[in-house]
Amino acid sequence: MIWNKEYETMEREKLSALQGERLKELITRVYENVPFYRKRMDEAGIKPADINSIKDIARLPFTTKLDMRDVYPYGLLAVPEEDIVEVHTSSGTTGTPVVDAYTHNDIELWKEVMARTLAMGDTTKKDIVQNAYGYGLFTGGLGVHYGAMKIGANLIPISGGNTQRQLQVMQDFKTTVLTCTPSYSLFVAEEGKKAGLDFASLPLRVGLLGAEPWSDGMRKEIEEKLHISAIDIYGLTEIIGPGVSAECEYKDGLHINEDVFYPEIIDPDTGKILPDGEKGELVFTTLTKEGTPVIRFRTRDITYLMREKCQCGRNTVRMHRSLGRTDDMLIIRGVNVFPSQIEEVLMTIQGVEPHYQIVVDRKGQLDSIEVQVEMNDRLFSDEIKNLSKAEKMIEEKLYATLNIHTVVKLVETNSIERSLGKAKRVIDRRQL
Ligand code: DLL
């Protein structure tokens with residue numbers, strides 16, 4: 001179901017004109033109100049009057065996570081502080097957190113883009129949404145909350161964790177839509193199975209899952225185990241939280257809400273804009289945000305843009321599901337390795353569970369990489385009679401994709417720590 005036909009199906013020429021107008025208005029606004037952006041533009045020799053169409057965006061300087069941290073907490077505010085009605089921050093696990101400060105209109109915008117996101121999973125006012133994203137400074141909980149309010153669905157604000165209670169609530173309240181991270185949805189499936197719950201008998205039909213990378217293989221596992229359709233939803237604190245893009249029922253890339261979040265793909269090394277279909281770093285400009293608008297924010301997420309027509313009828317550009325992050329990339333003996341590549345290989349192997357951890361270490365001068373992954377009984381088919389044989393087979397498959405030797409360790413079910421929010425896949429001991 002398309003929530004906002006006017007914007008989501010807008011014809012390209014009209015959309016580009018709208019983006020251009022919004023950009024011009026935005027640049028004038030930030031130039032007048034945010035010393036940080038004024039300084040950046042002055043240094044680049046650009047004035048608001050130079051911005052006349054969306055194409056002119058290429059002339060503007062980028063904003064990085066580091067820039068945002070430097071001005072923590074309120075250095076990017078474009079409105080008086082009293083106009084802020086809510087704040088969220090990123091978790092700050094890798095440094096000072098980044099702040100998103102919302103005005104009343106920004107919250108209205110968030111409701112709108114989250115209503116569009118929930119509608120991707122055909123959510124209507126008849127649905128019961130069990131929101132297991134964390135509430136608090138993290139944007140997942142309240143983002144979904146606002147979208148469900150706008151649609152008029154029945155929203156259960158259960159937040160993350162307390163899995164037994166999640167299972168009880170799911171049965172008692174007849175949940176139809178589950179929202180949480182993909183890794184947590186698997187944990188819910190596992191605990192349910194242990195408790196003898198038959199998910200096929202529940203009215204649960206769709207999961208709106210995101211906030212962390214996951215592969216198509218993992219999607220298959222989730223869909224089979226929970227008997228749902230699993231939809232990928234993407235977003236980030238710096239832009240608004242969830243609500244930036246989401247998959248429709250065709251699951252062929254995530255539709256970007258580009259009337260409000262303008263996307264570009266750049267070469268992360270040179271900053272050059274790349275054509276559609278070419279892989280690079282995703283960059284966003286918030287065209288209408290008031291509190292903390294961002295200009296050409298470098299997300300560090302790697303993907304590419306797809307413009308072929310989608311069968312769902314939306315005209316918005318799509319991004320391929322995240323292919324990793326520029327700062328996720330491990331360099332192992334000079335070879336670039338993304339955790340997502342490892343997950344993809346693992347998920348092609350029958351009997352391997354989507355619970356894994358990658359441990360990187362350095363012995364002497366040499367990097368080593370160990371992939372610990374859980375297995376189940378299916379792994380032991382006729383050809384593979386013992387553990388070390390199975391491990392070797394997986395090592396060979398990984399070598400064929402990554403071109404480096406890994407050590408694979410098959411571990412017992414439940415030995416890898418489960419996460420209630422974003423899963424931690426990599427332990428890099430080299431930095432310790
Ligand atoms: O994770 C917002 C969110 C909440 C998105 C709920 C979806 C659902 P942050 O905590 O700021 O915001 O983390 C943003 O998480 O730059 C990506 O690297 C990653 N990420 C988010 N969604 C996806 C996804 C929220 N669907 C960072 N696939 C982003 C892959 C994702 N990575």
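Residues numbered from 1 in each chain as written. Predicted model: local features only at pLDDT ≥ 70, side-chain atom pairs only at ≥ 80, totals over all residues. Heavy atoms only, no water.

Brief notes about the sheet that holds strand 8 (residues 241-247)
To keep it simple, the criterion reads: Strands qualify as paired when DSSP identifies two bridges or more between them. Secondary structure elements follow DSSP: runs of H or I of four or more residues count as helices, runs of E of two or more count as strands, with numbering from the N terminus. Residues count as neighbours in contact if any of their non-hydrogen atoms are within 4.5 Å of one another. Axis geometry follows a simple rule: fit a line to the C-alpha atoms, using only the stretch in contact for helices, then measure angles between N-to-C directions, giving values from 0 to 180 degrees.
Pairing is mixed in the open sheet, where nine strands are placed in the order 4-3-5-6-7-8-9-14-13. Two strands lie at the open edges of the sheet, namely strand 4 (154-156) and strand 13 (305-306), each paired on one side alone. In this sheet, strand 8 lies alongside strand 7 (residues 229-236) in antiparallel orientation, the contact comprising four bridges. Residue pairing for strand 8: Gly235 is matched across the bridge by Pro242. Contacting strand 6 (206-210), strand 7, strand 8 and strand 9 (254-256), helix 5 (residues 104-120) runs over the sheet at an angle of about 35° to strand 8.

Quick word on helix 8 (residues 182-194)
Quick note on the threshold: What a helix is expected to span follows from its residue count: subtract one and scale by 1.5 Å. Only protein chains enter the area calculation, which uses a 1.4 Å probe; residues under 20% of their type maximum are buried, those over 50% are exposed, and those in between are partly exposed.
Helix length check: helix 8 (13 residues) gives 19 Å between terminal C-alpha atoms against 18 Å at 1.5 Å per residue, within 8%. With 11 of 13 residues buried, helix 8 is to be regarded as a mostly interior element. Of the positions making up helix 8, those classed as buried are Pro182, Ser183, Tyr184, Ser185, Leu186, Phe187, Val188, Ala189, Glu190, Glu191 and Gly192. Buried residues belonging to helix 8 abut helix 7 (163-172), strand 5 (177-180), strand 6, helix 9 (216-226) and strand 17 (352-363). Looking at the residues trailing helix 8, positive phi occurs at Gly196, about 80°.

Some thoughts on the packing of aromatic side chains
What characterises a pair of aromatic rings is the spacing of the ring centres plus the angle enclosed by the ring planes. Applicable threshold: Each aromatic pair joins two rings of Phe, Tyr and Trp (for Trp, the six-membered one) with centres within 6.5 Å, and gets the label stacked for planes under 30 degrees apart, edge-to-face for over 60, and tilted for any other angle. In our convention, an over-ring charge means Lys NZ or Arg CZ found within 6 Å of a ring centre and within 35 degrees of that ring's normal.
Applying the stated criterion to the full structure yields four aromatic pairs. Here the aromatic rings of Tyr184 and Phe187 are separated by 6.2 Å at their centres, their planes lie at 55°, and the arrangement is tilted. Here the residue Tyr184 and the residue Phe187 both occupy positions in helix 8, the gap between them amounting to three residues, near one helical turn. Among the aromatic side chains, those forming a connected cluster through ring pairs are Tyr102, Trp110 and Tyr146. Lying across the ring of Trp214, Arg219 places its NZ or CZ 5.6 Å from the centre. A cation over an aromatic ring shows up here: Lys289 above the ring of Tyr102, its NZ or CZ 5.9 Å from the ring centre.

Some remarks on the site of the ligand
Rules: Nearness of a residue to a molecule or strand requires only that one of the residue's heavy atoms be within 4 Å of it. N or O atoms within 3.5 Å of each other form a polar contact, as long as, within protein, one can give a hydrogen and the other can take it, and as long as residues adjacent in sequence are counted only when both atoms are side-chain atoms. Residues were grouped as follows: Ala, Val, Leu, Ile, Met, Phe, Trp, Tyr, Cys and Pro as nonpolar; Asp, Glu, Lys and Arg as charged; and all remaining residues, including Gly, as polar.
Within the structure, the ligand sits among 19 residues, and Asp232, Ile233, Thr237, Asp301 and Lys422 are positioned closest to it. Within the contact set of the ligand, a nitrogen atom lies 3.1 Å away from a backbone nitrogen or oxygen of Ala211. Within the side chain of Thr237, an N or O atom sits 2.5 Å from an oxygen atom of the ligand. Broken down by secondary-structure element, the contributors of at least two residues to the shell around the ligand are helix 6 (139-151) and strand 7. If one sorts the elements of the shell around the ligand by residue count, strand 7 sits on top with five residues. Residue composition of the shell around the ligand, by class: eight nonpolar, six polar and five charged.

Some remarks on the domain arrangement of the protein
To keep things clear, this is the line we draw: What fixes the domain bounds is an automatic or database domain assignment. Summed over both partners, buried area is the accessible surface (1.4 Å probe) that two parts give up on being assembled. A carboxyl oxygen of Asp or Glu within 4 Å of a side-chain nitrogen of Lys or Arg is what we treat as a salt bridge.
In terms of domain boundaries, the protein breaks down into domain 1 (1-327) and domain 2 (330-431). Summarising the inter-unit geometry, the C-alpha centres of domain 1 and domain 2 are found 30 Å apart. Each partner contributes residues to the interface: domain 1 has 21 residues there, and domain 2 has 17 residues. For the pair domain 1 and domain 2, the two sides together bury roughly 1,600 Å², of which 54% comes from carbon and sulfur. Ranking the residues of domain 1 by area buried against domain 2 places Glu190, Ser215 and Glu221 at the top, with a combined share of 24%. Our count for the contact surface shared by domain 1 and domain 2 stands at two salt bridges.

As for the pattern of salt bridges
Counted by the stated rule, this structure contains 35 salt bridges. In this structure, the salt-bridge partner of Asp276 is Arg307, at a minimum N-O distance of 2.6 Å. Linking Asp276 in the loop between strand 10 (261-266) and strand 11 (280-286) with Arg307 in the loop between strand 13 and strand 14 (318-319), this pair joins segments that are 31 residues apart in sequence. Exposure remark for Arg307: the relative accessible area of 41% places this residue in the partly exposed category. In this structure, Lys392 engages Glu396 in a salt bridge whose closest nitrogen and oxygen atoms are separated by 3.8 Å. Of this pair, Lys392 and Glu396 are both found in helix 11 (residues 387-402), four residues apart, which corresponds to roughly one turn of the helix. Taken together, the salt bridges that share partners define one network made up of Asp216, Arg219, Asp232, Glu247 and Arg321.

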